[in-house]
Amino acid sequence: MIVATWITFCACRGLARGLLFFSSTSSRSPFWETLASVVSRTMGNSCVCREDSALEDHNHRSSRATRGQARRVDRGMGVGGDAAEALSSRPRDPVRPPRRGRGPHEPRRKKQNVDSLVLDTLAVIRTLVDNDQEPPYSMITLHEMAETDDGWLEIVQSLIQVIPLDDPLGPAVITLLLDECPLPTKDALQKLSDMLSLSLAIARQDALNPAKHRNTTAVLGCLAEKLAGPASIGLLSPGTLEYLLESLSSEAHPTVMLFALIALEKFSQTSENKRTVSKSCISNRLAVLESWAEHPDYLKRQVGFCSQWSLDNLFLKEGRQFTYETVNLTNINAMLNSNDVSEYLKICPTGLEARCDASSFESVRCTFCVDSGVWYYEVTVITSGVMQIGWATKDSKFLNHVRLAGVRTARLPTAAAACPRSPKLALCVCFSQEGYGIGDDEYSCAYDGCRQLIWYNARCKPHSHPCWKDGDAIGFLLDLSKKQMVFYLNGHQLPPEKQVFSSATSGFFAAASFMSYQQCEFNFGAKPFRHPPPGKFSTFNDFASLLPGEKIIIPRQRRLALLKQVSIRDNCCTLCCDVMADTELRPCGHGSSVSAAAFDAVIGGIEEIIMGRISDESALFYLTFCERL
């Protein structure tokens, strides 16, 4: 019986193949067309050699998508062939791919138009609002292309050529795409350097095309952040340095100046690059641009902000006072809390303006929290990209991840239990969300003026305000007696939001999360509001208080010097320096006493340093505490 069955199967398969061959080599009658189509559907996927495999794969995917759409129409709507044909003729949705990868026996996909894929990603990036949402088809395809050196180079070239100057999310998309692509090989970086051939002359030539000029500096900055050690040093060739320094000249477009400075900052995360850049007398150029920090042009204001931050933290100028030593903080009683943010969020010395230039989504909160009453604060939009600004509580998840010198090491409840109310802990431990922003949990609610959404518990709903723009004033009213929040755009209010009060009723902070290259200024009541709401309300600045030392936002260099001066009592945790040690490290025979949270921090931090995921200064910041173990 088995032998007979096998013989029958082989005979049928041979007959089917013969029919297919005959139908493909002779003039087809309707009978042969029908029979061949039936046989081909029953044979399944066969591994065959194709001269134009990419084109046939494209046709195969298109026909499969068409059949799938037709089946959905027949099943979901119960309509006939006309409706199915109408739907099947529609193009495939570019946002969601039909499949994630290529099977082992499938031919490579047809080469896509890289420029179109980059622009598609830029177009759909505003629609990515779900934390669990699958990346758009364009991003997946670009990621696959970047697996080869030639594909990666083509993507970089396209990012430089096609991202428009006037789109506020353009630089963020450059960072997003390059961050998602595989790390480039040494050969790919060398080919990129040869392809760009950056120099002083090229910088002056690119000045005639500000979009290309800005995109080139943005790509360099992203690569400098993504790479570490020798790769970053090799990328900062003399020609590249000349190109970036010339891009800071007064003849350059302000946005070019901004991203050239950011690129130099990121290159300087490697110590050798920092010494190279510092020798170029960059501090003299930045001293001129620093005067733009209060400029009415918001683009120039960004340049001034970053110039001032660099002079305070990276490229110190001899004889120049730190900004925190010259700024008047007498009337400021509430500010952004610089002790519980990562090093990647820049906060100005007044404590009222913040900016993120990292590829991560960084969050910050105010130093003052409220439990009752009616409260109001205002934010001036400096950049019109993605930010989530609103209210958060002490239980918000964006505070639940702890970074030691910018490295995620342990969860906050563990650290808080091990080292409660430790004043010195703030010097070495800083909080940063890992994928969570304001409005991404049940304890916070946020206004997003770029994507025109209200965020709560990682879910969003559209609001009726237009997209915010540079200079807009966003108002935030918290009424704890009525248990509602009200958001305003230039004085125009939205309906109240009440969802968060089902989970939280007290301990509210003003808080914000920033996507890459975003900046805004907070007003907690130290100066008049531009659009005060009707009715009676209180301000943080009128009720909060800070000691003079608590108002100082210490630059990185001074912070490291203070850390080296910290003395440790006997039997204390060697990381937080306050709590009695309760855990002893003995993995390799060394004897040292730390707290349980510190033990987790050590292991996580060492892994991050070995993998080269943090800058040299961050590693020093971490090792200052670990050297005693």
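Residues numbered from 1 in each chain as written. Predicted model: local features only at pLDDT ≥ 70, side-chain atom pairs only at ≥ 80, totals over all residues. Heavy atoms only, no water.

Engineer: I'm lost on the overall build of the protein chain in this one. Help?
Structural biologist: The helix and strand tally for the protein chain stands at 24 helices and 18 strands. By the burial criterion, 50% of the 629 residues in the protein chain qualify as buried. In the protein chain, 70% of the contacts between residues at least 6 apart in sequence involve partners at least 24 apart. Approximately 29800 Å² of the protein chain is accessible, and the part contributed by carbon and sulfur atoms is 54%. (Helix = DSSP H or I, 4+ residues; strand = E, 2+ residues; numbered from the N terminus. Buried < 20%, exposed > 50% of the residue type's maximum accessible area, 1.4 Å probe, protein only. Contact = heavy atoms within 4.5 Å. Areas by Shrake-Rupley, 256 points an atom, 1.4 Å probe, with all protein chains shown as cover.)

Engineer: So what exactly am I meant to see when it comes to the sheet that holds strand 4 (residues 374-381) here?
Structural biologist: Sheet strands pair by backbone hydrogen bonding; their relative direction is either parallel or antiparallel. In spatial order, the strands read 1-2-16-4-12-13-14; together these seven strands make up an open sheet with antiparallel pairing. Each of the sheet's edge strands pairs with one partner strand only, and the pair in question is strand 1 (345-347) and strand 14 (492-493). Direction of pairing for strand 2 (residues 353-356) relative to strand 16 (residues 518-523): antiparallel, over a ladder of four bridges. Note on strand 16: the bridge partner recorded for Ala354 is Cys520. Lying on the sheet, helix 17 (residues 298-313) is in contact with strand 1, strand 2, strand 4 and strand 16; it crosses strand 2 at an angle near 85 degrees. (Pairing = 2+ DSSP bridges. Axes fitted to C-alpha atoms, helices over the stretch in contact; angles between N-to-C directions.)

Engineer: Would you take a moment to explain helix 16 (residues 282-289) for this structure?
Structural biologist: Quick reminder: α-helices carry 3.6 residues per turn. Residues three or four places apart thus point the same way. Turning to helix 16, its buried residues number three or more, namely Ile282, Ser283, Leu286 and Leu289. Down the axis, helix 16 shows its buried residues gathered within 115 degrees of arc, on one side only. Among the structural elements, helix 13 (238-246), helix 14 (254-267), helix 15 (271-278) and helix 17 are those in contact with the buried residues of helix 16. (Arc of directions from axis to C-beta.)

Engineer: It is not clear to me how helix 14 should be interpreted in this structure. Could you clarify?
Structural biologist: The end-to-end C-alpha separation of helix 14 is 20 Å, in line with the 20 Å expected for 14 residues at 1.5 Å each. In terms of residue burial, helix 14 counts as a mostly covered element, since 14 of its 14 residues are buried. (Expected span 1.5 Å × (residues − 1).)

Engineer: Teacher, can you tell me more about the pattern of salt bridges here?
Structural biologist: Side chains bearing opposite charge may pair, as long as their charged atoms lie close to each other. Under the criterion given, the structure shown has 15 salt bridges. Ionic pairing is found between Asp357 and Arg355, a salt bridge with its closest N-O pair at 2.9 Å. Each member of the pair, Asp357 as well as Arg355, is classed as buried. Salt bridges linked by common partners bring Glu265, Lys346, Arg355 and Asp357 together as one network. (Salt bridge = Lys/Arg side-chain N within 4 Å of Asp/Glu carboxyl O.)

Engineer: Can you walk me through the environment of Leu286 in this structure?
Structural biologist: With respect to the helices, strands and loops of the structure, Leu286 is situated in helix 16. Measuring from C-alpha to C-alpha, the distance between Leu286 and Gly304 comes to 8.3 Å, with 18 residues separating the pair along the chain. If we skip the residues at most four places from it in the chain, Leu286 touches Leu261, Ser307, Ser310, Leu311 and Phe315.

Engineer: Is there a simple way to think about the pairing of strand 11 (residues 459-462) in this case?
Structural biologist: Within a regular strand, the side chains alternate between the two sheet faces. Where strand 10 (residues 453-456) lies against strand 11, four bridges are found, and the strand directions are antiparallel. Bridged to Trp455 within strand 11 is Cys460. Here strand 10 folds back onto strand 11 in antiparallel fashion, the turn holding two residues, of which Asn457 has a positive phi close to 55 degrees.

Engineer: For this particular structure, what's the right way to read the sheet that holds strand 9 (residues 444-448)?
Structural biologist: The strand order across the open sheet built from six strands is 3-15-5-9-10-11, with neighbouring strands paired in antiparallel fashion. Edge positions in the open sheet fall to strand 3 (362-370) and strand 11, since each of these has one partner strand only. Pairs of neighbouring strands in the sheet enclose a mean axial angle of 20 degrees, with direction left out of account. Sheet topology note: the strand 5 (residues 387-393)/strand 15 (residues 508-514) ladder contains seven bridges and is antiparallel. When the sheet's bridge partners are listed, Met387 is paired in strand 15 with Phe514.

Engineer: Help me understand the environment of His531, please; the structure alone is not making it clear to me.
Structural biologist: Locating His531 in the fold gives a position in the loop between strand 16 and helix 21 (540-543). The sequence separation of His531 and Asn490 amounts to 41 residues, and the corresponding C-alpha distance is 6.3 Å. Setting aside chain neighbours within four positions, we find His531 in contact with Tyr376, Glu378, Ala473, Asn490 and Gly491.

Engineer: I would appreciate a short explanation of unusual backbone geometry in the present structure.
Structural biologist: Phi angles above zero are rare outside glycine, and Cys281 is one such case at about 60 degrees. By the secondary structure assignment, Cys281 is in the loop between helix 15 and helix 16. One non-glycine residue, Gln452, lies in positive phi territory at about 60 degrees.

Engineer: Even after reading the chapter, I still don't get the state of the cysteines, so can you show me in this structure?
Structural biologist: In a disulfide, the sulfur atoms of two cysteines are held together by a covalent bond. Under the criterion given, the structure shown has zero disulfides. Here Cys369 stays free of any disulfide, with the sulfur of Cys366 as its closest cysteine sulfur at 9.1 Å. (Disulfide = S-S within 2.5 Å.)

Engineer: Help me out: how do you make sense of the side chain of Ser310 in this one?
Structural biologist: Mapped onto the secondary structure, Ser310 falls in helix 17. Engagement of the side chain of Ser310 in a polar contact is seen with the side chain of Glu265, the distance being 2.6 Å. Beyond its immediate stretch of four places on either side in the chain, Ser310 contacts Leu261, Glu265, Leu286 and Phe315. (Polar contact = N/O pair within 3.5 Å; in protein donor to acceptor, adjacent residues only side chain to side chain.)

Engineer: It is not clear to me how the pairing of strand 13 (residues 484-489) should be interpreted in this structure. Could you clarify?
Structural biologist: Summarising burial for strand 13: six of the six residues are buried, a large majority. Side chains Gln484, Val486 and Tyr488 project from strand 13 onto one buried face, and the interleaved Met485, Phe487 and Leu489 project onto a second face that is buried too. Between the end of strand 12 (residues 473-479) and the start of strand 13, which pair antiparallel, lie four residues, with Lys483 showing a positive phi angle near 55 degrees. Pairing geometry for strand 13 and strand 14, over two bridges, is antiparallel. Across the sheet, residue Leu489 finds its bridge partner in strand 14, namely His492. From the end of strand 13 to the start of strand 14, which pair antiparallel, there are two residues, and Asn490 there has a positive phi angle of about 50 degrees.

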